Amino acid sequence: MKADRVIGVDLGGTKILAGVVDRAGRVHETVEEPTVTNSQAALLDQLADVVRSLPREGVGAVGFGIPSRIDHRTGIALGAVNIPLQDVLFRDEMEGRLELPVGFENDASCAAYAEFRHGAGQGVQNLVMLTLGTGVGGGVIATGNLFRAWTELGHMVIVEDGAPCAGACSGRGHVEAYCSGRAADKLAQNVIGPRATAHDLVRDRNPAVAQIGHHLGVAMGSLVNIFGAERIVIGGGFGVAAFDQLLPSARLAVLTEALAPAGQELEIECAKLGASAGLIGAGLVAFEALA
Ligand SMILES: [Zn+2]
């Protein structure tokens with residue numbers, strides 16, 4: 001019998017959002033819990049408990065979107081920045097606990113996949129999504145399929161020997177150092193005052209947001225040149241809030257950096273699925289684990 005439902009789980013640094021997802025991408029029952037961060041074993045147990053708390057009827061598989069690089073040959077989650085996951089055989093651990101097929105993918109890739117199938121990415125075959133939140137995540141759809149590689153687009157160099165990245169990244173001049181919510185906080189402190197945040201920058205429609213848009217456009221130009229993206233979707237808390245203020249300078253930079261005619265033809269859209277994108281994408285990954 002073919003299952004018509006799965007459970008999708010979006011694992012974030014502060015909360016876990018899980019829900020029952022059907023084949024049309026509709027979300028049914030959901031549950032939300034603060035993320036347990038004391039140990040890896042406790043976190044894996046919590047993920048299993050969250051799944052068990054949802055109705056199991058018609059559910060054929062479970063998908064997880066996790067903030068980690070993933071080695072798909074081995075099924076190992078290599079490491080996450082804010083939560084205790086390190087070199088763990090994630091699929092085996094979860095299948096052992098849940099006795100259901102398990103799929104998993106990077107959280108930003110899940111969001112990209114969800115927007116492609118059910119949101120702002122519908123109707124094109126080559127899509128890039130950038131999520132501008134605390135950090136910057138990315139996902140790629142190539143010729144209609146999720147590109148299941150690292151796609152750490154936030155750690156693409158846009159300024160040689162530029163500003164240092166935060167956290168576990170030793171690199172300099174990465175997209176994340178210029179276009180994340182954290183980078184916008186820093187910019188706000190420079191142009192408004194020591195207590196200002198990205199929120200103030202966006203609320204005041206401060207012209208300095210255009211600097212971030214320029215960096216974003218430089219990144220997008222390269223992504224168009226590499227992946228032939230027809231559309232780029234901008235998501236994440238900061239990305240959605242600042243979208244219309246980022247767009248003009250981003251568009252100008254794309255026209256300079258992307259090879260013609262791709263730069264002129266590129267569509268830039270704001271994400272549509274909001275906080276559900278990761279959960280829906282995890283559900284799509286679960287349906288693939290079923291097949
Ligand atoms: Zn970096």
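Preceding this section is the structure that the text describes.
Chemist: Explain the sheet that holds strand 11 (residues 145–146) to me, and be specific about the residues and the numbers.
Modeler: The sheet built from five strands is open, its strands ordered 11-10-9-12-13 with mixed pairing. Only two strands of the sheet have a single partner each, and these edge strands are strand 11 and strand 13 (267–270). Of the strand pairs in this sheet, strand 9 (residues 127–132) and strand 10 (residues 136–142) are connected by six bridges, and their pairing is antiparallel. The residue of strand 10 that forms the bridge with Met129 is Gly139. Helix 3 (residues 107–118) contacts strand 9, strand 10, strand 11 and strand 12 (231–235) of the sheet and is inclined by roughly 50° relative to strand 10.

Chemist: Pulling in residues and values, what's your account of the coordination of the zinc ion?
Modeler: At the metal site, the zinc ion is ligated by His155 (ND1), Cys165 (SG), Cys169 (SG) and His174 (ND1), and these contacts range over 2.0 to 2.3 Å. One way to put it: the four donor atoms around the zinc ion meet at angles of 102 to 114°, and that makes the site tetrahedral. Judged by its relative accessible area of 11%, Cys165 falls in the buried class. Judged by its relative accessible area of 8%, His174 falls in the buried class.

Chemist: Hey, could you go over the side chain of Ser180 for me, with residue numbers and the actual values?
Modeler: Within the secondary structure layout, Ser180 lies in the loop between helix 4 (175–179) and helix 5 (181–191). From its side chain, Ser180 meets the backbone oxygen of Glu176 in a polar contact 2.8 Å long. Ser180 has contacts with Gly133, Thr134, Gly135, Val136, Val175 and Phe238, leaving out every residue within four places of it along the chain.

Chemist: Residue-level account of the nonpolar core, with values.
Modeler: Ranked by size, the top nonpolar core spans 40 residues in total, and within it Leu130, Leu132, Met220, Ile234 and Phe238 carry the most contacts. When residues of this core are assigned to their parent elements, the largest contribution, eight residues, is made by helix 7 (residues 209–227). Setting aside chain neighbours within four positions, we find Phe238 in contact with Leu132, Cys179, Ser180, Gly181, Ala184, Ala198, Val202, Ile212 and Leu246. With 29 residues, the next largest nonpolar core counts Val50, Val88, Met94 and Leu100 among its residues.

Chemist: Which residues make up the environment of Gln189, and what values do they have?
Modeler: Relative to the helices and strands, Gln189 resides in helix 5. Residues Gln189 and Asp200, 11 residues apart in the sequence, show an inter-C-alpha distance of 9.8 Å. Excluding its chain neighbours within four sequence positions, the residues that come into contact with Gln189 are Pro194 and Ala196.

Chemist: Please provide a residue-by-residue account of the pairing of strand 12, values included.
Modeler: Most of strand 12 sits inside the fold, with five of its five residues counted as buried. The side-chain alternation of strand 12 yields two buried faces, one formed by Arg231, Val233 and Gly235 and the other by Ile232 and Ile234. Direction of pairing for strand 9 relative to strand 12: parallel, over a ladder of five bridges. Looking at the pairing, Val128 lines up with Ile232 of strand 12. As defined by bridge partners, strand 12 adjoins strand 13 across four bridges and the pair is classed as parallel. Its bridge partner lying in strand 13, Ile232 is registered against Ile268.

Chemist: How would you summarise helix 5 if you had to cite specific residues and measurements?
Modeler: All buried positions along helix 5 are accounted for by Gly181, Ala183, Ala184, Leu187 and Ala188. Down the axis, helix 5 shows its buried residues gathered within 150° of arc, on one side only. Opposite the packed face of helix 5, turned more than 90 degrees from it, sit the exposed residues Lys186 and Asn190.

Chemist: Explain the pattern of salt bridges to me, and be specific about the residues and the numbers.
Modeler: Evaluated as defined, the whole model comprises 12 salt bridges. Asp200 is the partner of Arg203 in a salt bridge, and the nearest nitrogen-oxygen pair spans 3.4 Å. Of this pair, Arg203 and Asp200 both sit in helix 6 (residues 198–203), three residues apart, which is roughly one turn of that helix. Classification of Arg203 as exposed rests on a relative accessible area of 53%. Judged by relative accessible area, Asp200 falls into the buried class, the value being 16%.

Chemist: Before we move on, can you summarise the layout of surface pockets with the specific residues and values?
Modeler: Volume-wise, the largest pocket comes out at about 1600 Å³. Considering every element that reaches the lining of the largest pocket, the biggest residue donor is helix 3, with four residues. For the lining of the largest pocket, the class distribution of residues is 20 nonpolar, 22 polar and eight charged. Its boundaries defined by the atoms lining it, the second largest pocket holds a volume of some 190 Å³. In this structure, the second largest pocket is lined by Ala163, Pro164, Ala177, Tyr178, Ala183, Lys186, Leu187, Asn190, Gln211, Ile212 and His215. Where the lining of the second largest pocket is concerned, the elements lending two or more residues are helix 4, helix 5 and helix 7.

Procedures and definitions
- Residues numbered from 1 in each chain as written.
- Predicted model: local features only at pLDDT ≥ 70, side-chain atom pairs only at ≥ 80, totals over all residues.
- Heavy atoms only, no water.
- Pairing = 2+ DSSP bridges.
- Helix = DSSP H or I, 4+ residues; strand = E, 2+ residues; numbered from the N terminus.
- Contact = heavy atoms within 4.5 Å.
- Axes fitted to C-alpha atoms, helices over the stretch in contact; angles between N-to-C directions.
- Donors = N, O, S within 2.8 Å, 3.2 Å for Na, K, Ca; no water.
- Tetrahedral: all angles 85-135°; square planar, octahedral: opposite > 155°, others 65-115°.
- Buried < 20%, exposed > 50% of the residue type's maximum accessible area, 1.4 Å probe, protein only.
- Polar contact = N/O pair within 3.5 Å; in protein donor to acceptor, adjacent residues only side chain to side chain.
- Core = buried A, V, L, I, M, F, W, Y, C linked by side-chain atoms within 4.5 Å.
- Arc of directions from axis to C-beta.
- Salt bridge = Lys/Arg side-chain N within 4 Å of Asp/Glu carboxyl O.
- 1 Å grid on protein atoms, 1.4 Å probe; cavity = no way out; pocket = protein on both sides within 12 Å on 5 of 7 lines; lining within 4 Å.
- Points joined across faces, edges and corners; volume = space filled by probe spheres on them.
- Nonpolar A, V, L, I, M, F, W, Y, C, P; charged D, E, K, R; others polar.

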